[in-house]
Every structure is written in structure tokens, then in C-alpha cells.
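For reference, the chains in residue letters:
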Amino acid sequence: MSTQTIGTSKNKITSRFLALLLSLTLCFSLPFTASAAQTTKSIYTNTSFTHNSKFDGCTLYNAIDISYHNGTIDFAKLKKTDTKAVIIRVGYRGYGGSGALRKDNLFDYNITNAIAKGFDVGVYFYSQSINEQEAREEANFLLPYIKNYNINLPVYFDYEFAEVSDGRLDSAWNSGKLNKSKMSKNAIAFCETIEKAGYKAGVYSSTNFFQTKYDETLFNKGYAMWLAHYASKTSYAGDYEIWQYSSKGKVSGIDGSVDCNYVYSEYLKPLLGKGFDVSKISKQTYTGNEIKPDFKVYYNGKTLIKGEDYYITFKNNKNIGTASITVTGVNDYTKYRETKEFSIVPTEVNGLKFAASDSDSLKVSWNKNSTADKYYVQINSGKGWTKAGTTKETSYTISSLPNASSYKVRVRGYKKVGDKYYYGYYCPEIETATKPVTPTGLKASYTRSYSLKLSWDSQPFANYYKVYKYNSSNKKYEFYKKVTSNSIKITGLTPNTKYIFKVRAYQSKDGKTVYSSKSDACTTYTSPPAPKNLSIKSPSSYRISTSWSKSSSASGYQVMWSTSNNFSYNYKSVNVSGTSTVLKTAQSKKTYYVHVRAYKIRNGRKYYSDWSTTKSVVTK
């Protein structure tokens, strides 16, 4: 927009107001960036933000707020982005004891270039006022600097603590010199001064500041509200038309970070002086009775009073579909009449719950909703809400998902009336997750009389595993042990006994645990007990006579002899079916070592016991 020079003398305010109306006509006739969905991705942070449901269907656009701290901005580059509005700091009051008033060093540069490049422009003043006189002083300090610029967005009172113990505003609040009532009066004093000069006034504050530092006297004045809440979704329930959601944005034309904002067009426009106007009416939930939603009526930014300034009539405001409200002015506003449409939508889905999951799918279910024909399911993996699918049923399976991953799911009902769909509000979301992949390759090895080793294929995303042992008496798999590796030694077993095991994978993340199905069973056996009572002697040259006690159910025995006491070299072995044998040695008058172990053959496999105790003898 081009810079406009405002008239002087007695017609100054009137001329400025006419210029404001003209600029609004131009500004808001332009197409805006997007239609506000429940969730949108920021062009500045590349992350997603969920909007208050009252803004459903509202047109929104992107805005930044800037000051000297953002350096020299290249507005030509900024114009090529999807930024539509710029809110510029005019000046500030120092937070020191003197509270000196200062103009922002880059204000003139910023506002001149912003207007020249066609941005919508608003301004703000950083206040540290501790009484009404100082608040009016700040407004009067600001006004001369903006008088020759076409400002088509509000002039905002930025009231916030300096967060230092000796800050003048911080000290006044902490000492009790200021309270909610006085803070509100200070904001009102600033805004009244601004509006007397022909501009629309607004208040910028954080969620906490709005909730704890102001009282209702401020909120009943009809000023524009600019909310700062750095979160992916704001829970603030009060009125606001701009949401500052981050201070970490990046945009072409500005070095470093920048404050990021969404502007809700239909909510801001009525405050800016569009003649007789009715505020945006959010979609309403079906009740079975006539729906009479809350709304506001304005005339050039002034909030009108029902009964004194207008009366209302409704049409088709009971059933799901498009309803309308007609506002007819009375007394000073008899020539005005405006009709506003709003939607009546199915009731909220209830009873949403997790039904089942696998490593690549999730199933959710909910209670039947008699006001909806179908259901719309959304899923969020942490990167914003996306469509999962639609269904006529009261359950839905979401497929082709990564394993061991957390998700949020929500559902809304919808109904087709004529050629239009009416979507209800989303139900409260639930959190769930896909399972890890079921472990595979479970096998037993190193089976002994009283122990064995289990191992399986390592599974991606698994933090740990649980091993389960089958109990033949109650025919159930019972938990045995938790391990972080993909193998375990099982001890304390009974010799020559059948055992069955299963394993499942677990993942714990953000305080939540998900787990796979149990693996296929692994059936194995322990070996017979180690032979006892080994006896050896050398009855003649090059001969060792051996015998031992029988091991129950053994299929045979392996006997080993060696000149090495640990059998690491110069050894031989032989398999025998009985409990004695004579060994032939290679040397006489040499010390030999002997031990024996039993084995059981099952399905062609030998299950070996531990070795017996080792005995030694000197051959003859």
C-alpha cells in the first residue's frame, strides 16, 4: 500500500478514519492465504499448530511482528513469502526507574517499506506504565510518529514484565502498588487515548498475563486482542483475533528468528470499522432444540447492544444443516440489516478407545452416533493431523504404519444434507501405538542337564524382551525373565525334561509401553544328568578300564581321555551304549585323564549332559 498523508487541523481525525475505511476495503478484498483448518503448518517454523475450534472455517493469514532487534529487513524478499501483515514496534518505555520513553530506531524504515510493499500494517508500543497517566503519556508519545502513515490494523498496547527484579513494572506488581484492577485501568487509558485519535486500539499479552493481570473491565471494552501463547495448541478461552504462537520463526528477508502470528480475518475485520457487521459464528452442535449461538454486532468497531441497537431472528436453526441469523438495527441503526449463516453439525463422537494393534496397524472403536451418517478418522504421528480414512462402521483399522510407533487418534461424525457435508467437532484424542515386530528365529542351544541357552533375531525398535516358559500343569506361558539382549541362559532346569519357550519384544517411550505378540514356540529338552561314580584303573599296559553309574533315560555315553588335564590337546573319545569300557592308550607309564558324559537322542539330535568329574590314572 502506498503511504498516505493525513489531513491536518479540525478534520484530521475524520480524514484518518476515512483513510482507514478505504484501506480496509482494499486490504480485505484481497485473497488471504488459507482457510483455517483444525491444524495448519506454519510457513515460519515448518511445524503444525492446532486452532481453537471456534475458528473453524475462518480465513487466516500469516503475520510477523518486528522491531529494531530484527535488524535491517529486506522487505522485497519478505514480500515474496506468504506473509500478509507486519506489526511494527513504534517505541518503548525503559524498564529502569526513570522509565524514559524511546522511539524504535528502525520504526520509520520498517513502516515505510512495509507499506510500500503492500503489507497490512499494525503497530505496538512496549509499555512499562505503572499508572494511567503514564499509559496515556505512552499513547500520546506514539501518535505523532504514526500520523502520516496508513495503518490499517490496530495500535496495540504491549504490556509485559521485564522479568528482572528491579524492573519498574515488576517491582510495582510485586510490591502491591499495582493489581489487576489498576493494570486494567492502565491498559484502558492507553486504548482510550488511541481510539480518540481515530485508530482502533488493541492489547497484546501472554495467556498468563490475560488470565492473571487483567480483570473484566478491560475485556468488556471491545478492544482487539492479540494473544501470545507459545504452544502447538492454545487452551486460552478468551477472545482474541491474532495468535502469536512462536518467537523462533525463520523467513526470507530477516536474519535470525522472528515472532510468528496467525491472524483470524473474520474476527479482526469487524473490530476495524466495517460499518454494521456481525461477528463470525462458529459451527454449532446439534441438540434437538433450537440453536441460538453467541455472537457480537459492531458498528465501526463499536459493540452494539441487543434490544437497544438491534433485534435478531433465526431460520432453520434446529436440525443439522445450514442455519441463519438475521440482525436488524433499531433506533440509530434502523437502516441496517445483515444475515449471517452458520452450520449445525452432528454431536461429538464419544467412547473412542483402542481396540487392537499389530506391528503395522491400529484399530480403534467408538460408540454409535445417531446424528452422523459416517465418521472421519484422523491420526497424528507427531507431525500434525492427517486423514486416516472414513467409515460407516463404529470401528476403523489404520494400516501400513511403522512398527513400535506412537500415535494420537481422533474421530468426528459427519452428515450429508443436500449436496453439502456437515462435520462435527473432533472427540478428545486418544494415544496408542503399533506393536514392535514379533521376534523370530527363537532357538535353543548349549542344552545341558540343568540349563540351556535361548537366542532369537534382534528386533528393530525393541528396548527389551520378555521370555515366557510353558507350565504344563496349568497349560499357560508364564513370565520367566526380562532381558535387554536377544539371548538368555536358562538355569535351574530338570534333567531330561521337555521345555517350551516364547519371547515377545517391548518398547517403552515417553512413559508408555507397547509390546509385540509372542513368538512362535521353541520346544527343546534338557539332557540326562551327568554320570556319577566314575571309576578308572589301568589293568595292563596301554589300557584303562572305566565304569560309572547309569544315567536315567540315557541313549549312550561319550568317554574322553587325554594326557592334558583340561583335554585341550592329545585327546580321544568314544561313544558306548553301556556303563563301562576299556580304553586303549598310546603310551605306558603316562598319566591320563578321563571323563564321561551321557546323551539322549531325540528326533535325530543328541542332547549331551555335563561332563562327569575328571579322574586320572598312570598307565602300566
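Scroll up to find the structure this text is about.
Attention here is on the structure that accompanies the text.

Reading the values: the criteria
- Residues numbered from 1 in each chain as written.
- Predicted model: local features only at pLDDT ≥ 70, side-chain atom pairs only at ≥ 80, totals over all residues.
- Heavy atoms only, no water.
- Phe/Tyr/Trp six-rings, centres within 6.5 Å; stacked < 30°, edge-to-face > 60°.
- Helix = DSSP H or I, 4+ residues; strand = E, 2+ residues; numbered from the N terminus.
- Buried < 20%, exposed > 50% of the residue type's maximum accessible area, 1.4 Å probe, protein only.
- Lys NZ or Arg CZ within 6 Å of the ring centre and 35° of its normal.
- Salt bridge = Lys/Arg side-chain N within 4 Å of Asp/Glu carboxyl O.
- Pairing = 2+ DSSP bridges.
- Axes fitted to C-alpha atoms, helices over the stretch in contact; angles between N-to-C directions.
- Contact = heavy atoms within 4.5 Å.
- Expected span 1.5 Å × (residues − 1).
- Polar contact = N/O pair within 3.5 Å; in protein donor to acceptor, adjacent residues only side chain to side chain.
- Parallel < 35°, antiparallel > 145°, perpendicular 65-115°, else oblique.
- Left-handed = near helix turned anticlockwise from the far one by under 90°.
- Nonpolar A, V, L, I, M, F, W, Y, C, P; charged D, E, K, R; others polar.

Let's shift gears to the packing of aromatic side chains. Counted under the stated rule, the structure contains 46 aromatic pairs. On the basis of an interplanar angle of 55 degrees and a centroid distance of 5.5 Å, the ring pair of Y299 and Y333 is categorised as tilted. With Y299 in strand 15 (residues 297-299) and Y333 in the loop between strand 18 (321-329) and strand 19 (337-345), the pair connects residues that are 34 residues apart, well separated along the chain. Assessed through its relative accessible area of 25%, Y299 is described here as partly exposed. On the accessibility criterion, Y333 (8% relative accessible area) is buried. The positively charged end of K518 is found above the aromatic ring belonging to Y468, 4.6 Å away from the centroid. R597 extends its terminal NZ or CZ atom over the ring of Y608, reaching a point 3.9 Å from the ring centre.

This brings us to the pattern of salt bridges. Going through the model one piece at a time under the given rule, you end up with 13 salt bridges. Between R89 and D104 there is a salt bridge; the shortest N-O distance is 2.7 Å. Here the residue R89 occupies a position in strand 5 (residues 83-93), and D104 occupies one in the loop between strand 6 (101-103) and helix 3 (107-116), the gap between them amounting to 15 residues. Relative accessible area serves as the criterion here: at 10%, R89 is assigned to the buried category. What makes D104 buried here is its relative accessible area of 1%. Linked by salt bridges that have partners in common, R93, E137 and E138 make up one network.

This part is about the sheet that holds strand 37 (residues 543-547). Pairing within the open sheet is antiparallel, and its 3 strands lie in the order 36-37-40. Edge positions in the open sheet fall to strand 36 (535-537) and strand 40 (580-584), since each of these has one partner strand only. The sheet shows a mean angle of 20 degrees between the axes of neighbouring strands, direction not considered. In the sheet, strand 36 pairs with strand 37 via 3 bridges, with the strands oriented antiparallel. If you follow S535 over to strand 37, its bridge partner there is S547.

Okay, the side chain of E338 next. For E338, the position within the fold is in strand 19. Dropping the residues within four chain positions of it, E338 is found in contact with F276, D277, V278, I325, T326 and V327.

So, on to helix 4 (residues 132-146). Across its 15 residues, helix 4 extends 22 Å between first and last C-alpha, which sits within 8% of the 21 Å expected from 1.5 Å per residue. Every buried residue of helix 4 is accounted for by E134, A135, E138, A139, F141, L142, L143 and I146. The distance from a side-chain oxygen at the start of helix 4 to the backbone nitrogen of Q133 is 3.2 Å, and the residue carrying that oxygen is N131.

This paragraph deals with the pairing of strand 31 (residues 476-483). For strand 30 (residues 464-471) and strand 31, the ladder comprises 7 bridges, and the chain directions are antiparallel. Across the sheet, the residue bridging to K469 is E478, located in strand 31. The turn joining strand 30 and strand 31, which pair antiparallel and follow one another in sequence, is formed by 4 residues; a positive phi near 60 degrees is taken by K475.

Now for the sheet that holds strand 19. Ordered in space as 14-19-18-17, the 4 strands form an open sheet in which the pairing is mixed. Since the sheet does not close on itself, it has two edges, and those belong to strand 14 (284-285) and strand 17 (310-315), each with one partner. Pairing geometry for strand 14 and strand 19, over 2 bridges, is parallel. By the bridge assignment for strand 19, T285 is matched with V345.

Axis separation between helix 4 and helix 6 (residues 180-196) bottoms out at 8 Å; the angle between their running directions is 30 degrees. It follows from the interaxial angle that helix 4 and helix 6 lie roughly parallel. In the crossing of helix 4 with helix 6, the sense of the turn from one axis to the other is right-handed. In contact with E132, A135, R136, E138, A139, N140, L142 and L143 of helix 4, helix 6 contributes K185, N186, A189, F190, T193 and I194. Per-class residue counts for the contact of helix 4 with helix 6 are 7 nonpolar, 3 polar and 4 charged.

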